[in-house]
Amino acid sequence: VQLVESGGGLVQAGGSLRLSCAASGFTFSNYIMSWYRQAPGKERELVARIFSVGGSTNYVDSVKGRFTISRDNAKNTVYLQMNSLKPEDTAVYYCTARRTMVTIQFWGPGTQVTVSS
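Residues numbered from 1 in each chain as written. Predicted model: local features only at pLDDT ≥ 70, side-chain atom pairs only at ≥ 80, totals over all residues. Heavy atoms only, no water.

Trainee: How would you explain the overall build of the chain if you had to name every residue and give the values?
Mentor: Looking only at helices and strands, the chain features 0 helices and 11 strands. For the chain, the N- to C-terminal ordering of α and β elements is β-β-β-β-β-β-β-β-β-β-β. Compactness check: the chain gives a C-alpha radius of gyration of 13 Å against a globular reference of 13 Å for 117 residues, within 12% of the reference. Each of the three principal axes of the chain carries a C-alpha extent, and together these read 40 × 25 × 25 Å. For the chain, with 117 residues in total, the buried portion stands at 41%. Across the chain, every contact between residues at least 6 apart in sequence was considered, and the portion connecting residues at least 24 apart equals 53%. For the chain, the accessible surface area stands at approximately 5900 Å², while carbon and sulfur atoms represent 49% of it. (Helix = DSSP H or I, 4+ residues; strand = E, 2+ residues; numbered from the N terminus. Rg over C-alpha atoms; globule rule 2.2 N^0.38 Å. Buried < 20%, exposed > 50% of the residue type's maximum accessible area, 1.4 Å probe, protein only. Contact = heavy atoms within 4.5 Å. Areas by Shrake-Rupley, 256 points an atom, 1.4 Å probe, with all protein chains shown as cover.)

Trainee: For the nonpolar core, give the residues involved together with the corresponding values.
Mentor: Soluble globular proteins tend to bury their nonpolar side chains together. Of all hydrophobic cores here, the largest spans 28 residues; its most connected members are Met 33, Trp 35, Val 78, Leu 80, Met 82 and Tyr 93. Among residues more than four places away in sequence, those in contact with Leu 80 are Leu 17, Arg 18, Leu 19, Trp 35, Val 47, Ala 48, Phe 67, Thr 68, Ile 69 and Tyr 93. (Core = buried A, V, L, I, M, F, W, Y, C linked by side-chain atoms within 4.5 Å.)

Trainee: Tell me about the pairing of strand S11 (residues 111-116), residues and numbers included.
Mentor: The side chains of a regular strand alternate between both faces of the sheet. Alternating positions in S11 separate cleanly, Thr 111, Val 113 and Val 115 being buried on one face and Gln 112, Thr 114 and Ser 116 remaining unburied on the opposite face. Examined bridge by bridge, strand S2 (residues 9-12) and S11 share 4 bridges and lie parallel to one another. The residue of S11 that forms the bridge with Gly 9 is Val 113. Where strand S9 (residues 91-98) meets S11, 3 bridges bridge the pair, whose relative direction is antiparallel. Each residue of the ladder has a partner; that of Ala 91, found in S11, is Val 113. (Pairing = 2+ DSSP bridges.)

Trainee: Hey, could you go over the pattern of salt bridges for me, with residue numbers and the actual values?
Mentor: By the definition in use, this model includes 4 salt bridges. Two residues, Glu 45 and Arg 37, come together in a salt bridge whose shortest N-O distance is 2.7 Å. Residue classification places Arg 37 among the buried positions, given a relative accessible area of 6%. As a salt-bridge pair, Asp 89 and Arg 37 come within 2.9 Å of each other at their nearest N and O atoms. Of the two residues, Asp 89 is situated in the loop between strand S8 (77-82) and S9 and Arg 37 in strand S4 (residues 32-38); the sequence distance between them amounts to 52 residues. One connected set of salt bridges, linked through shared partners, spans Arg 37, Glu 45, Arg 66 and Asp 89. (Salt bridge = Lys/Arg side-chain N within 4 Å of Asp/Glu carboxyl O.)

Following this line, the structure appears as structure tokens:
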């Protein structure tokens, strides 16, 4: 399993970024894909999740209405569109993959997102 995030960077508050996660080494369409983030001095938290069947999604309350997770099974890629970014969104963002909610979760190396005020 290999996960490679891209699209991070520095953006001003109110701006947008789109993160991508290219996956390989497994049957992407069968896996639950998620984005987590970890800010300095804080615990890692789940930002958004998209399920393999039906494509239903979950979001942490702090990003609802601003972030959108999506997947392209033909490209083995999951995205996180982030709009109306706030300084508190600054973190390292990680892509993860797991077959079911009780199986091992694979992690990418992460991509830095910095939102300036």
